[in-house]
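Structure at a glance
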Amino acid sequence: MSEPISVQDFCRHVLEEGGLDAKLAAPRRANGDALRDDPDAPALEIDAPARSLGLRMRGGAPRLPHPNQLGSPEARAVCLARFAHHELMAVELFAWALLRWPLLPGELRAGWLHALEEEQIHCRLYLDRLAALGDRLEDHVQSDYFWKQAPAIAASPHGARAFLAAMGLTLEQANLDFSLIYRDGFRIAGDEQSARVCQRIHDDEIRHVRLASDWLMRLSPDHGSDQVAAYDEAVPFPLAANRAKGRRFDTEARRRAGLSDAFIEHVRVARSSQEKAGAR
Ligand SMILES: [Fe+2]
Ligand SMILES: [Fe+2]
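Surrounding the iron ion (ligand 1) are the protein donor atoms Glu87 (OE), Glu119 (OE) and His122 (ND1), which sit 2.0 to 2.3 Å from the metal. On the primary sequence, the residues serving as donors to the iron ion (ligand 1) are separated as E-x31-E-x2-H. Between the iron ion (ligand 1) and the iron ion (ligand 2), a separation of 3.6 Å is found, and both are coordinated by Glu119. Taken as a pair, Glu87 in helix α3 (residues 73-100) and His122 in helix α4 (residues 106-132) lie far apart in primary sequence, 35 residues in all. Each member of the pair, Glu87 together with His122, is buried.

Orientation of helix α6 (residues 160-188) relative to helix α7 (residues 192-218), taken along the N-to-C sense of each, is 160°, at an axis distance of 8 Å. The orientation of α6 relative to α7 falls into the category roughly antiparallel. For the crossing formed where α6 meets α7, the hand is left-handed. In terms of residue class, the contact of α6 with α7 is built from 14 nonpolar, nine polar and six charged.

About the cut-offs
Residues numbered from 1 in each chain as written. Chains lettered and ligands numbered in written order. Predicted model: local features only at pLDDT ≥ 70, side-chain atom pairs only at ≥ 80, totals over all residues. Heavy atoms only, no water. Donors = N, O, S within 2.8 Å, 3.2 Å for Na, K, Ca; no water. Helix = DSSP H or I, 4+ residues; strand = E, 2+ residues; numbered from the N terminus. Buried < 20%, exposed > 50% of the residue type's maximum accessible area, 1.4 Å probe, protein only. Axes fitted to C-alpha atoms, helices over the stretch in contact; angles between N-to-C directions. Parallel < 35°, antiparallel > 145°, perpendicular 65-115°, else oblique. Left-handed = near helix turned anticlockwise from the far one by under 90°. Nonpolar A, V, L, I, M, F, W, Y, C, P; charged D, E, K, R; others polar.

What follows is the structure, encoded as structure tokens:
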């Protein structure tokens, strides 16, 4: 494919080229200029990303090693590969959203493109740590956990609000917790460099969650400032508040991301339907 000139060209590169180099190329012109966002571009729906051999996704993946197992280099490699692939899926899904909703406010689209570029950086940071262990992403199983949510987002009557609730306020909100759980696991195992990568990603993720919470509310005027109502209405099943967190709940990061006390509490106490059934 030729050099991308528009945001739309760039996003198609990310989704239609199978290799890591194309997916991780920065969203700008070869001369460093910004890409032009084409207001006349038709909405484009892409069902699945192209993936070269070794990057093909399959349903499910082995359980992630527990943070207290990270003394083992094999366990560290499994985690780093899984996290790198989460970042790669985030890159692709921001490209997917930019193609699907061309008429959203330019400020939101610019925010998504910026987040996409940060996801590319995160992916590279994990890939570098993986390479330091003598390993590579292509030798691991690629789970489709993020892409599995795309059909429900695409079918939602809530449009881009479903994407904001799913991506920003569920998957990325949960990563506020997971990034610190694994930061500490790497640190205790003596892998300070991987711990620092987790911290950097945690810090960036706060801004990604804030972008989603700000825009979900701006696009949900009927809900005023009620984040709980706006989220619960827009989040596509099976995603829900109980998936928006990890085992160690970080209230402070959520406050810094602009989440209201009511929404933070809603997520903190949310239980899965299995837990509720078990409690009966
Ligand atoms: Fe990320
Ligand atoms: Fe993110």
